[in-house]
Amino acid sequence: MWRLCSIMLLSLSIASRSNVVHGFVTRALTSIRQPFHLFSTTIGTPATSFDDGTSPIQITTPIYYVNDKPHIGHAYTSTACDVLARYMRLSGRQVFFLSGTDEHGQKVEQSAAKAGVDPQDFVDQVSVNFSDLLELLNISHDKFIRTTQPDHKKAVQHLWNVLKQKDQIYMGNYEGWYSIRDECFYTESELVDGKAPTGADVEWVAKEKSYFFRLSEYQDKLLQYYDENPDFIAPEGRRNEVLSFVKGGLRDLSISRTSFKWGVSVPGDDDHVMYVWIDALANYISALSYPDTNEGSDYDKYWPNVLHVVGKDILRFHAVYWPAILMAAGLPVPRRLFAHGWWTKDGQKISKSIGNVIDPLDLVERYGVDQTRFFLMSEVNFGNDGDYSDLAMIQKCNTNLANELGNLCQRTLTLVFKNCDKCVPEPQALTPEDEALLASTRSLRETTGAAIAVQSIQKYVEALVTHIWDANKYIDTMAPWVLRKEDPERMATVLYVIMEVLRYSAILYQPLIPTSANKILDALTVPLTERTFAHLDDAYRIKPGTPIAKPTPIFPRIEVPELVER
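Residues numbered from 1 in each chain as written. Predicted model: local features only at pLDDT ≥ 70, side-chain atom pairs only at ≥ 80, totals over all residues. Heavy atoms only, no water.

### So, the overall build of the protein
Here is the rule we go by: Numbering of helices and strands runs from the N terminus; a helix is a DSSP stretch of H or I covering at least four residues, while a strand is a stretch of E covering at least two. Using a 1.4 Å probe on the protein chains alone, a residue whose accessible area is under 20% of its type maximum counts as buried, one over 50% counts as exposed, and one in between counts as partly exposed. Residue contacts follow a heavy-atom distance rule, with two residues in contact if any of their heavy atoms lie within 4.5 Å. Working definition of accessibility: Shrake-Rupley area with a 1.4 Å probe, residue cover restricted to the visible protein chains.
Within the protein, the secondary structure is distributed over 21 helices and 17 strands. Among the 566 residues that make up the protein, the fraction classed as buried is 58%. Counted over contacts in the protein with a minimum sequence separation of 6, partners at least 24 positions apart contribute 78%. With the model as given, the accessible surface of the protein reaches about 23,400 Å², and the carbon-plus-sulfur share is 51%.

Structure below.
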């Protein structure tokens with residue numbers, strides 16, 4: 001039954017795109033024939049209002065809180081940042097990709113006490129779970145920062161002293177609602193049925209001595225910044241949420257606590273530890289050598305050409321508190337903040353009480369690393385909420401990876417291996433149909449680059465998926481298995497065209513499915529030194545006469561017995 005459903009879904013997919021394929025082939029038939037030439041017009045990514053497309057850039061995940069084990073949200077954010085970082089590196093840009101763990105706060109102190117261990121020992125154990133996740137998912141981060149590291153603590157204390165010297169911090173008393181889980185203060189009006197907007201429990205803090213940051217002084221300055229930099233916060237809906245919050249009025253922010261001790265000490269006042277978000281947010285600059293801002297430092301090289309990627313639940317901290325703190329310290333504000341949505345499972349909110357938490361380690365073990373990466377990035381328009389189901393995972397991976405990309409590679413190389421003396425074939429004169437497919441291939445660099453430049457990751461994936469579908473349509477129409485007897489030279493040309501399309505597509509697929517894309521490039525005999533976007537050029541096409549190995553499947557179909565009968 002599952003096989004029948006899969007075939008029906010693939011047939012519907014083919015039918016829905018057939019008009020597009022017919023259109024570009026028809027246009028090509030009436031066009032002037034072009035030389036066999038695949039090229040990359042530019043190095044870098046397309047310029048936007050917040051990024052020139054060529055300068056060094058820092059890309060960050062939020063640092064993950066170590067109070068619990070990693071879940072699908074951590075995998076989602078990390079993979080998204082990895083796709084963006086890999087794409088930009090392959091385009092010739094210098095990228096500093098930062099991830100890490102947030103290891104201070106009342107929650108951590110309580111969890112360590114419950115486990116009967118010292119807080120430092122506790123975070124040492126738990127932080128490894130997150131670094132292991134990044135390794136498992138093949139995340140290419142340049143640095144994994146931990147907020148318990150001495151250099152980070154020194155940087156945070158330096159930032160505090162700068163704010164204090166500028167009279168942006170003062171002593172007062174805090175009284176109000178506080179969520180330990182969220183590490184966040186809430187006003188009475190923000191509570192929903194006696195809980196935080198996130199659903200977390202809150203507790204009343206009664207007149208606790210606290211240092212305050214003069215956040216209220218930055219309401220107009222923040223609104224001015226948002227107005228002058230309309231693309232600072234994305235997507236648009238998130239920007240509107242922030243504008244509404246700030247226009248509603250800002251209160252000075254409590255930034256220290258005395259009721260627990262696990263945190264960075266306030267300089268000159270060991271009775272206080274810093275509010276965890278002051279500590280956590282500063283990681284973005286402490287990782288870049290702050291307070292060393294001199295010429296030649298990492299800070300000088302990358303800041304503020306920065307892309308922060310966060311979940312929508314921590315948008316306020318990054319869109320309001322962080323810019324205000326930087327303004328107060330006389331430091332520039334990051335250029336871009338992108339807040340993505342949450343995942344549900346089978347239409348239900350994910351929670352421990354329901355028992356439907358999605359463990360990314362289980363996904364990788366069951367389906368594979370590249371399959372998990374592919375699904376997470378292709379299933380949801382980046383920025384929106386998404387729903388996970390095993391059936392959706394299997395359908396997407398089997399259709400787009402096994403049936404389309406994998407099958408195209410396997411049958412093309414099998415025909416080459418069996419009918420072209422196990423060598424890359426020599427192409428002859430191209431037909432308009434060949435040129436149409438190659439023209440579409442040439443456009444992929446521009447199309448995918450435009451999507452990546454604005455973090456439209458799903459559109460990047462869709463451009464590649466659609467193109468591989470077009471290539472399957474082309475090979476079905478050309479039928480090289482028939483040409484094998486009727487016109488061997490034409491067969492060789494068709495197979496060579498597909499090999500070049502696969503080369504180009506696999507190079508562009510590397511940010512998303514790096515291991516599998518490189519397996520395809522290996523099978524195509526593409527040298528390891530010729531796999532960047534600079535090599536999307538005729539000078540680097542696959543050399544006719546090069547021996548190829550007997551092809552093996554890149555993407556085995558996923559067969560899960562308990563889901564087959566659904």
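### Quick word on the packing of aromatic side chains
Quick note on the threshold: Ring pairs shown here join Phe, Tyr and Trp side chains whose ring centres sit within 6.5 Å, with only the six-membered ring taken for Trp; geometry is labelled stacked below 30 degrees between planes, edge-to-face above 60, and tilted in between. Geometrically, a charge over a ring is one whose NZ (Lys) or CZ (Arg) sits within 6 Å of the ring centre while staying within 35 degrees of the ring normal.
Summed over the entire model, instances satisfying the criterion amount to 20 aromatic pairs. Ring centres 6.3 Å apart and planes at 75 degrees place the aromatic pair W303 and W322 in the edge-to-face group. In this pair, W303 sits in the loop between α10 (298-302) and β13 (306-311) while W322 sits in helix α11 (residues 315-328), placing the two residues 19 residues apart along the sequence. A relative accessible area of 6% means that W303 is categorised as buried. With 6.1 Å between their ring centres and 35 degrees between their planes, W343 and F375 make a pair best called tilted. Here F375 lies in helix α13 (residues 369-378) and W343 lies in strand β15 (residues 343-345), a separation of 32 residues in the sequence. In this pair, the class of W343 matches that of F375, namely buried. Three or more aromatic residues joined by ring pairs make a cluster, and in this case those are Y76, F338, W343, F375, F382 and Y388. The positively charged end of K312 is found above the aromatic ring belonging to W342, 4.6 Å away from the centroid.

### As for the sheet that holds strand β10 (residues 256-257)
So the rule is basically this: A pair of strands is considered paired only if DSSP assigns at least 2 bridges between the two. Every axis corresponds to a line fitted to the C-alpha atoms, with the helix fit spanning only the stretch in contact, and the corresponding angles, defined between N-to-C directions, vary from 0 to 180 degrees.
Pairing is antiparallel across the open sheet formed by 3 strands, whose spatial order is β10-β12-β11. With partners counted over all chains shown, the strands left at the sheet margins are β10 and β11 (265-266), one partner each. As judged from the 2 bridges shared by β11 and strand β12 (residues 269-274), these two strands associate in the antiparallel manner. In the sheet register, S265 faces β12, and the bridge partner there is V273. Running at roughly 100 degrees to β12, helix α5 (residues 150-165) makes contact with β10, β11 and β12 of the sheet.

### Quick look at the nonpolar core
Where we set the bar: Residue types Ala, Val, Leu, Ile, Met, Phe, Trp, Tyr and Cys, when buried and joined through side-chain atoms within 4.5 Å, form a set referred to as a nonpolar core.
In this structure, F213, Y226, V320, Y460 and Y509 are the most contacted members of the largest nonpolar core, which totals 175 residues. Take this core: its biggest share by element is 14 residues, from helix α19 (residues 488-509). In this structure, F213 is in contact with L163, Q168, Y218, D252, L253, I255, A324, I325 and A328, ignoring residues within four places of it in sequence. The next biggest cluster of nonpolar side chains, apart from the first, holds 5 residues, and it includes Y186, L191, A196 and V202.

### Quick word on the pattern of salt bridges
Side chains carrying opposite charge are able to pair once their charged atoms draw close together. Convention followed: Criterion for a salt bridge: a side-chain nitrogen of Lys or Arg within 4 Å of a carboxyl oxygen of Asp or Glu.
All chains considered together, the criterion is met by 19 salt bridges. A salt bridge links R541 to D538; its shortest N-O distance comes to 3.0 Å. Of the residues examined, R541 reaches a relative accessible area of 27% and is grouped as partly exposed. Between E559 and R557 there is a salt bridge whose closest N-O contact spans 3.4 Å. Taking the relative accessible area as the measure of exposure, E559 reaches 37% and is therefore partly exposed. Here the residues in one salt-bridge network are D82, R86 and R373, joined through shared partners.

### Some details on empty space enclosed by the protein
Basically, it comes down to this: The method works on a 1 Å grid over the protein atoms by themselves. A cavity is a set of points holding a 1.4 Å probe that cannot get out, a pocket is an open set with protein on both sides within 12 Å along at least five of seven lines, and residues with an atom within 4 Å of a point line them. Grid points are joined across faces, edges and corners, and a volume is the space filled by probe spheres set on the points. Residue polarity follows a fixed list, in which Ala, Val, Leu, Ile, Met, Phe, Trp, Tyr, Cys and Pro are nonpolar, Asp, Glu, Lys and Arg are charged, and the others, Gly among them, are polar.
Evaluated as defined, the whole model comprises 3 cavities of 30 Å³ or more. Reported here for the largest cavity is a volume of approximately 60 Å³. Along the walls of the largest cavity sit F50, D51, I57, M88, N305, V306, L307, R335, R336, A453 and Q455, which together make up its complete lining. Its residues assigned to classes, the lining of the largest cavity shows 6 nonpolar, 2 polar and 3 charged.

### Examining the state of the cysteines
Spelled out, the test is: Cysteine sulfur atoms that pair up within 2.5 Å are treated as a disulfide.
Tallying each qualifying case throughout the model produces 0 disulfides. C423 carries a free sulfur, and the closest cysteine sulfur to it, the one in C420, is 8.8 Å from it.

### Some thoughts on helix α3 (residues 106-115)
Inspection of α3 places Q106, K107, V108, S111 and A112 among the buried residues, and these make up the whole buried set. Following α3 by one or two positions, G116 adopts a phi angle in the positive range, close to 75 degrees.

### Here's the deal with the sheet that holds strand β17 (residues 386-388)
Strand order in the open sheet made by the 3 strands is β16-β15-β17, with mixed pairing throughout. Looking along the sheet, the strands with just one partner apiece sit at the ends: β16 (348-349) and β17. With 2 bridges joining them, β15 and β16 adopt antiparallel strand pairing. Across the sheet, the residue bridging to K345 is Q348, located in β16.

### Details of the packing of helix α15 (residues 432-442) against helix α17 (residues 457-478)
A packed helix pair is summarised by two numbers, namely the angle formed by the two axes and the spacing between the axes. Definition in use: Our angle categories are set so that under 35 degrees counts as roughly parallel, over 145 as roughly antiparallel, 65 to 115 as roughly perpendicular, and the remainder as oblique.
Close contact between α15 and α17 brings their axes to 11 Å; oriented N to C, the two are set at 170 degrees. Regarding the angle of α15 to α17, the classification is roughly antiparallel. Here α15 contributes E433, D434, L437, S440 and T441 to the contact with α17, which in turn contributes H467, D470, A471, Y474 and M478. A per-class count over the contact of α15 with α17 returns 4 nonpolar, 3 polar and 3 charged.

### Things to note about the side chain of R93
Going by this rule: The definition of a polar contact used here is a pair of N or O atoms within 3.5 Å, where within protein one atom must be able to donate a hydrogen and the other to accept one, and adjacent residues in sequence count solely through side-chain atom pairs.
Secondary-structure assignment places R93 in the loop between α2 (72-90) and β3 (95-102). A distance of 2.9 Å separates polar atoms of two side chains, one belonging to R93 and the other to T45. Excluding anything up to four places from it in sequence, R93 contacts G44, T45, D51, D52, G53, T54, S55, I57, M88 and N305.

### Re a negative patch on the surface
Our working definition: In this scheme, patches are assembled from residues that exceed 30% relative accessible area and form no salt bridge. Like charges are connected within 9 Å, while nonpolar side chains (Val, Leu, Ile, Met, Phe, Trp, Tyr) are connected within 5 Å. Charge assignment in this entry is limited to Lys and Arg as positive and Asp and Glu as negative, and neither His nor the chain termini are counted. Just so you know, the charge point we use is NZ for Lys, CZ for Arg, CG for Asp and CD for Glu.
Taken together, the side chains of D292, E295, D298 and D300 present a region of like negative charge at the surface. Given the relative accessible area of 39%, D300 is considered partly exposed.

### With respect to the layout of surface pockets
What the second largest pocket holds in volume is close to 400 Å³. Secondary-structure elements contributing two or more residues to the lining of the second largest pocket are β6 (184-186), α7 (236-247) and α11. Here the element with the most residues in the lining of the second largest pocket is α11; it accounts for 4 residues. Here the residues of the lining of the second largest pocket sort into 9 nonpolar, 1 polar and 5 charged.

### Some details on unusual backbone geometry
The omega angle of the peptide bond from A234 to P235 is -5 degrees, so this bond is cis rather than trans. Among the structural elements, P235 can be located in the loop between β8 (233-234) and α7. A cis amide bond, omega 15 degrees, links Y290 with the succeeding residue P291. Position of P291 relative to the elements: it lies in the loop between α9 (283-286) and α10. Residues other than glycine seldom take positive phi values, yet D167 does so here, at roughly 60 degrees. Assessed through its relative accessible area of 46%, D167 is described here as partly exposed. The phi torsion at Q455 lies on the positive side, around 60 degrees, for a residue other than glycine. Checked against the element boundaries, Q455 lands in the loop between α16 (444-453) and α17.

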